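Residue-level structure breakdown
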Amino acid sequence: MKYLYILLGLFTGLVSSAAQAQEVPKGFELMELVNISQTYLRYPNLSFDLIYTYTDSSNPTVVYEEVQAKCKMQNGRTWSKIDSVEFVQGNMYNVVVYHNDSVIMVNDRVEQNSIFQLPLMDSLFREANVDSLEVSRLNDSTRALLIHFKPGAFYKSYQIKYHPYTYLIRSITYFLPDEENVTACG
């Protein structure tokens, strides 16, 4: 099973929370997603680095591919640069610049600011694809939300590690099913 591991770097914005972390009762796992999402909407100015790493779960120390990214968010506008591709979401337009190909694309603004990259808050998506959700406490400063997908889904599972007090994400890992178990979508 291969997986894509996204490691979030340290935030350069000042972020704190007075919330107290408590254990998450069964059935309230989705509230953790809401809390994480709300955290990122609460701060008007965030800046962080990402590292996208593609490895095999049987030997996660062997990195097949790695891409670094920088991201900035300010009052609903975003800028990010992943490898040589730059993305800008302004008030009215989305701009993508492919530096290697000398191509610039400009479109009307389309909201693309889901930090989860999956429509996990969509009940139809969850019904069709999600088998189960669980939250575990890894240590005093890290919780893990693990989402198991049904057979035939594009992902096998999805894990978000986050701080239980601030709800800031530490890492996101996408686990892909074995190639022989992948169902084509489309």
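The text that follows walks through the structure, step by step, so that each part is easy to find.

About the criteria used
Residues numbered from 1 in each chain as written. Predicted model: local features only at pLDDT ≥ 70, side-chain atom pairs only at ≥ 80, totals over all residues. Heavy atoms only, no water. Pairing = 2+ DSSP bridges. Helix = DSSP H or I, 4+ residues; strand = E, 2+ residues; numbered from the N terminus. Phe/Tyr/Trp six-rings, centres within 6.5 Å; stacked < 30°, edge-to-face > 60°. Buried < 20%, exposed > 50% of the residue type's maximum accessible area, 1.4 Å probe, protein only. Salt bridge = Lys/Arg side-chain N within 4 Å of Asp/Glu carboxyl O.

What follows is about the pairing of strand 3 (residues 59-74). Of the strand pairs in this sheet, strand 2 (residues 45-56) and strand 3 are connected by 12 bridges, and their pairing is antiparallel. Each bridged residue has a counterpart across the sheet, and for S47 the counterpart in strand 3 is K72. Hairpin remark: strand 2 followed by strand 3, antiparallel, with 2 residues in the connecting loop. Linking strand 3 back to strand 4 (residues 77-82) in an antiparallel pair, the connection comprises 2 residues, with N75 at a positive phi of about 50 degrees.

A separate point is the packing of aromatic side chains. To describe a pair of aromatic rings, one takes the distance between the centres and the angle between the planes. Inspection of every chain in the model, using the stated rule, returns 7 aromatic pairs. Ring centres 5.0 Å apart and planes at 40 degrees place the aromatic pair Y155 and Y174 in the tilted group. Taken together, the residues span a long stretch of sequence, with Y155 in the loop between strand 9 (142-149) and strand 10 (157-162) and Y174 in strand 11 (residues 169-175) at a distance of 19 residues. The class for Y174 is buried, based on a relative accessible area of 4%. Taking the centre distance of 5.9 Å and the plane angle of 15 degrees together, the rings of Y162 and Y167 count as stacked. Residues Y162 and Y167 agree in their burial class; the two are buried. Here a set of aromatic residues connected by ring pairs shows up, and it is made of F125, F149, F154, Y155, Y158 and Y174.

The element strand 7 (residues 103-108) is barely covered by neighbouring structure, given that only 0 of its 6 residues are classed as buried. The sheet contact formed by strand 6 (residues 93-98) and strand 7 spans 6 bridges and is antiparallel. Bridge pairing in strand 7 links V95 to V106.

Another aspect to go through is the pattern of salt bridges. Under the counting rule described, the total for this entry stands at 4 salt bridges. R143 is paired through a salt bridge with E32; the nearest N and O atoms lie 2.8 Å apart. In this pair, R143 is assigned in strand 9 and E32 in helix 1 (residues 29-42), connecting sequence segments 111 residues apart. Like R143, the residue E32 is buried in the burial classification.

Honestly, that's just the spatial picture; any functional story needs more than this.
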